[in-house]
Amino acid sequence: QVQLVESGGGLVQPGGSLRLSCAASGGISSILDMGWYRQAPGKERNLVALISSGGRTTYVDSVKGRFTISRDNAKNTVYLQLSSLKPEDTAVYYCYVRTFPATWGQGTQVTVSS
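Described in the following lines is the structure provided in the data block.

Reading guide: rules and limits
Residues numbered from 1 in each chain as written. Predicted model: local features only at pLDDT ≥ 70, side-chain atom pairs only at ≥ 80, totals over all residues. Heavy atoms only, no water. 1 Å grid on protein atoms, 1.4 Å probe; cavity = no way out; pocket = protein on both sides within 12 Å on 5 of 7 lines; lining within 4 Å. Points joined across faces, edges and corners; volume = space filled by probe spheres on them. Salt bridge = Lys/Arg side-chain N within 4 Å of Asp/Glu carboxyl O. Helix = DSSP H or I, 4+ residues; strand = E, 2+ residues; numbered from the N terminus.

1. Looking at the layout of surface pockets
Argument step 1. When its volume is computed, the largest pocket comes out at roughly 180 Å³.
Argument step 2. Taken together, R38, A40, K43, E44, N46, L47, V60, S62, E88, D89, T90 and A91 form the lining of the largest pocket.

Next up, the structure:
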């Protein structure tokens, strides 16, 4: 059983940056795909970024060039660096591990506002 604990959300001005962290425990997340999803008010939860156990990354078009996903398998942790933030990035961000069933973090709020 994999458990995920997220941290790093907060209130940031447009153009600012944040780094989200997600620590995994109790499973074999080091060999599984991990990622980040987000859900804005009134909208569906959508994929932001994925990273494989070998470090291959994918991003949704709206965040390419601004967000960076990375992982430290020794620490069982996945990160999301958010830069050049826009108000439309405001959402609850959820960490994800491709277990079956899927494993989700508790969510961390990112608010981009002046």
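2. Quick look at the pattern of salt bridges
Argument step 1. Summed over the entire model, instances satisfying the criterion amount to four salt bridges.
Argument step 2. Here D33 and R98 are joined by a salt bridge, their closest N and O atoms 3.0 Å apart. Of the two residues, D33 is situated in the loop between β3 (18-25) and β4 (34-39) and R98 in the loop between β9 (91-97) and β10 (103-104); the sequence distance between them amounts to 65 residues.
Argument step 3. A salt bridge links D89 to R38; its shortest N-O distance comes to 3.0 Å. In this pair, D89 sits in the loop between β8 (77-82) and β9 while R38 sits in strand β4, placing the two residues 51 residues apart along the sequence.

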